[in-house]
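# Notes for the structure review
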Amino acid sequence: MERRACLHDFSPLTAWAAVGSVHGYLSFVISEMPYPTAGRLLSSVICGTPQAAETASLEEQLQGWGEVILMTDKVLRWERAWFPLALMSVVSFSFLMIYYLDPSVLSGVSCFVMFLCLADYLVPALAPRIFGSNKWTTEQQQRFHEICSNLVKSRRRIVGWWKRLFTLKEEKPKMYFMTMLFTLAVVAWIGQQVHNLFLTYLIVSFLLLFPGLNQHGIITKYIGMAKREINKLLKHKEKKNE
């Protein structure tokens, strides 16, 4: 009587060799494929969890923006020393134009949405011609997957914070009311003290510089310095109390 092969018949060494062979074959196939096909193949392989499924779906939606997203990622992470200066120059020029033209809210929103529509139509068609990349390397595809995965994680965190806020409202309505009232009052006071456009400029600049600051360890450095100073003050107060 013939005996069927079962999972426990394979040794760990055999299983590891099989996984390595499959990984090597997929890496070769993906590296030889155009970007959209490679993205779909990689997504279908890695999908196994809800987050992975969301990542794969986002990759499909952004497949026409792949080259632009990778270039933007390089700029935001400051892969070259002059990228922060170029980034702030573009942001500053844009806000100076807004200040000079002084458009109404309706005109500003209309122009912004019109710009998004033009970009959505032109970028997928022009990006392959400009960047000239019909084939993606495994490293490029992996980085694009990481970016989409990070976007999905950020979206899930925001949704999680929103759910926690409503949970706090249901479980501790008084604390929710006082927290929201205090937070909104502080934001309203800051908005009253600082010019609206300048405040928006500061927020946009910080958000665009944050990935580079984080990548180069600048934020961690100054947070560590602040913690050391706070610890010194606390120790100094303790000595005075003694």
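Conventions we followed
Residues numbered from 1 in each chain as written. Predicted model: local features only at pLDDT ≥ 70, side-chain atom pairs only at ≥ 80, totals over all residues. Heavy atoms only, no water. Buried < 20%, exposed > 50% of the residue type's maximum accessible area, 1.4 Å probe, protein only. Helix = DSSP H or I, 4+ residues; strand = E, 2+ residues; numbered from the N terminus. Arc of directions from axis to C-beta. Salt bridge = Lys/Arg side-chain N within 4 Å of Asp/Glu carboxyl O. 1 Å grid on protein atoms, 1.4 Å probe; cavity = no way out; pocket = protein on both sides within 12 Å on 5 of 7 lines; lining within 4 Å. Points joined across faces, edges and corners; volume = space filled by probe spheres on them. Nonpolar A, V, L, I, M, F, W, Y, C, P; charged D, E, K, R; others polar. Phe/Tyr/Trp six-rings, centres within 6.5 Å; stacked < 30°, edge-to-face > 60°. Core = buried A, V, L, I, M, F, W, Y, C linked by side-chain atoms within 4.5 Å. Contact = heavy atoms within 4.5 Å. Bend = angle between axes of the 7 residues up to and from the residue.

Let us now look at helix α4 (residues 66-76). Along α4, the positions that sit buried rather than exposed are Gly-66, Glu-67, Ile-69, Leu-70 and Asp-73. In an axial view of α4, the angular spread of the buried residues amounts to 165°, which keeps them on one side of the axis.

Our focus in this paragraph is the environment of Trp-78. Inspection of the secondary structure assignment puts Trp-78 in the loop between α4 and α5 (83-101). Remark: the alpha-carbon pair of Trp-78 and Leu-213, spanning 135 residues in sequence, is separated by 8.6 Å.

On inspection of all chains with the given rule, the structure shows seven salt bridges. Put simply, Asp-73 and Arg-143 hold a salt bridge, and the shortest N to O gap is 2.9 Å. Linking Asp-73 in helix α4 with Arg-143 in helix α7 (residues 138-171), this pair joins segments that are 70 residues apart in sequence. The class of Arg-143 is partly exposed, set by a relative accessible area of 22%. Here the salt bridges share partners, and the residues they tie into one network are Asp-73, Arg-77, Glu-79, Arg-143 and Glu-146.

Of the volumes computed, that of the largest pocket is approximately 1,500 Å³. Taken together, 35 residues line the largest pocket, and the ones lying closest to its centre are Ser-94, Phe-95, Ile-98, Phe-112 and Phe-115. Looking at the lining of the largest pocket, the elements with two or more residues in it are α4, α5, α6 (105-131) and α9 (196-215). For the lining of the largest pocket, a count of residues per class yields 26 nonpolar, eight polar and one charged. There is about 500 Å³ of room inside the second largest pocket. Lining of the second largest pocket is provided by 13 residues; of these, Asp-73, Leu-76, Leu-207, Phe-210 and Pro-211 occupy positions nearest its centre. For the lining of the second largest pocket, the secondary-structure elements that each account for two or more residues are α4 and α9. Top contributing element to the lining of the second largest pocket by residue count: α9, with seven residues.

We now examine unusual backbone geometry. Not every positive phi belongs to a glycine, and Trp-78 is a case in point at roughly 60°. The backbone of Asp-102 shows a phi angle near 50°, a positive value even though the residue is not glycine. Tracing the backbone shows Asp-102 in the loop between α5 and α6.

A separate point is the packing of aromatic side chains. Scanning the entire structure with this criterion turns up five aromatic pairs. Pairing Phe-206 with Phe-210 gives two aromatic rings, centres 5.8 Å apart and planes at 55°, and the pair type is tilted. Highlighted residues: Phe-206 and Phe-210, both in helix α9, separated by four residues, approximately one helical turn. Its relative accessible area of 48% is what places Phe-206 among the partly exposed residues. Connected via pairs of aromatic rings, a cluster forms that spans Phe-95, Phe-198 and Tyr-201.

Formed by Leu-58, Ile-69, Leu-70, Trp-136, Phe-144, Ile-147, Cys-148 and Val-152, the largest nonpolar core amounts to eight residues. Of all the elements in the fold, those that place two or more residues in this core are α4 and α7. Per-element tally for this core: the top contributor is α7, with four residues. Every residue in contact with Val-152, bar those within four places of it in the chain, is listed here: Gln-51, Glu-54, Thr-55 and Leu-58.

Attention now goes to α6. A maximum bend of about 45° is found in α6 at Val-123, where proline Pro-124 lies one to four positions downstream. Within α6 the residues assigned to the buried category are Ala-119, Val-123 and Ala-127. Contacts made by the buried residues of α6 are with α4.

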